[in-house]
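# Residue-level structure breakdown
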Amino acid sequence: MTGPTRQATADLITLPGTPLADAVVDLIRPVGTPSVFNHSIRSYLFARLLAGHLGLSAGSDYNDDLLFTACAMHDLGVAADGPHRQRFEVEGADRAAEFLVGRGVSTSDADQVWQAIALHTSTGIANRRGTLCMIVREGVALDFGGPMGNEYVEALSDEQADAVHAVYPRLNMVGSLVDAIVAQAAKDPKNAPRYSIPGELLPEREEFGRTRMEQSFRSSRWGN
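Below is a short write-up of the structure.

Definitions and cut-offs
Residues numbered from 1 in each chain as written. Predicted model: local features only at pLDDT ≥ 70, side-chain atom pairs only at ≥ 80, totals over all residues. Heavy atoms only, no water. Helix = DSSP H or I, 4+ residues; strand = E, 2+ residues; numbered from the N terminus. Contact = heavy atoms within 4.5 Å. Areas by Shrake-Rupley, 256 points an atom, 1.4 Å probe, with all protein chains shown as cover. Lys, Arg positive; Asp, Glu negative; His and termini not counted. Charge placed at Lys NZ, Arg CZ, Asp CG, Glu CD. Buried < 20%, exposed > 50% of the residue type's maximum accessible area, 1.4 Å probe, protein only. Polar contact = N/O pair within 3.5 Å; in protein donor to acceptor, adjacent residues only side chain to side chain. Phe/Tyr/Trp six-rings, centres within 6.5 Å; stacked < 30°, edge-to-face > 60°. Axes fitted to C-alpha atoms, helices over the stretch in contact; angles between N-to-C directions. Parallel < 35°, antiparallel > 145°, perpendicular 65-115°, else oblique. Left-handed = near helix turned anticlockwise from the far one by under 90°. Nonpolar A, V, L, I, M, F, W, Y, C, P; charged D, E, K, R; others polar.

In terms of helices and strands, the protein carries eleven helices and zero strands. The N-to-C order of helical and strand elements in the protein reads α-α-α-α-α-α-α-α-α-α-α. Seen along its three principal axes, the alpha-carbon backbone of the protein occupies a region of about 50 × 45 × 35 Å. By sequence separation, contacts in the protein at least 24 residues apart represent 69% of the contacts at least 6 residues apart. Carbon and sulfur atoms make up 52% of the accessible area of the protein, which totals about 10200 Å². Distance between charge centroids for the protein: 4 Å, based on 20 positive and 28 negative side chains.

Structure below.
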């Protein structure tokens, strides 16, 4: 089986390149680990592929700048420079919305991004809160490779994934992200409410040294 052509690969890994998208990259790159940064960008690239697979078009069915912003910032709540006063999904959503409004984005568009980020760990809820929420959540799920309950594995071929991973390698993404979530959760009890993702990961890491999430992803599509 042949891989993607050079032009197809270039199209696959091209970022929006708009002033807003560039500002998002400038914000998130310095405050997160390279692993989490790559995960955030891959989530956008995979979400965009999923949108095309579903017959959705940028500009008519969704706003590509908002998709990029939501995917790129979806883990901003674990960034080292954050206030760390609430669960990471909500903290990241608040920071993203504030950033967007500060750059002149409408409050309604900022709220779409807020919902997409705040709900990206909420299986069965994000998918019913509009196109942006759905494709952000499923783009993130595609990058996790299966255990998050992804329904659209056919939207991403192995050849496409290899092309993206060559530019944005995984770098032990799951372990790096769990480390960041646990560190953020440990700073305040409000950051880790029971039955939330951080509320499950923190006690597992403290008691067993390794979380069920890390164990389950050993057998995922990507292995880490």
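Let's shift gears to the side chain of Glu214. Its location among the elements puts Glu214 in helix H11 (residues 212–216). Its relative accessible area of 9% is what places Glu214 among the buried residues. Side chain to side chain, Glu214 and Arg205 meet in a polar contact 3.1 Å long. Here the side chain of Glu214 touches Thr211 through a polar contact of 2.9 Å, side chain to side chain.

With that out of the way, let us pick up the packing of aromatic side chains. All chains considered together, the criterion is met by one aromatic pair. Here Tyr44 and Phe68 contribute two aromatic rings whose centre-to-centre distance is 5.0 Å and whose plane-to-plane angle is 85°, an arrangement assigned as edge-to-face. Here the residue Tyr44 occupies a position in helix H3 (residues 34–53), and Phe68 occupies one in helix H4 (residues 64–72), the gap between them amounting to 24 residues. Note on accessibility: Tyr44 and Phe68 belong to one class, buried.

All right, on to the packing of helix H5 (residues 88–102) against helix H6 (residues 107–118) then. In helix packing, the relevant descriptors are the interaxial angle and the interaxial distance, both defined with respect to the helix axes. Closest axis-to-axis distance for the H5/H6 pair is 8 Å, and the angle between their directions is 160°. With respect to each other, H5 and H6 are oriented roughly antiparallel. The interaxial crossing formed by H5 with H6 has right-handed handedness. Of H6, the residues touching H5 (which contributes Glu89, Val90, Gly92, Ala93, Asp94, Ala96, Ala97, Leu100 and Val101) are Thr107, Ala110, Val113, Trp114, Ile117 and Ala118. Grouping the constituent residues of the contact of H5 with H6 by class yields eleven nonpolar, two polar and two charged.

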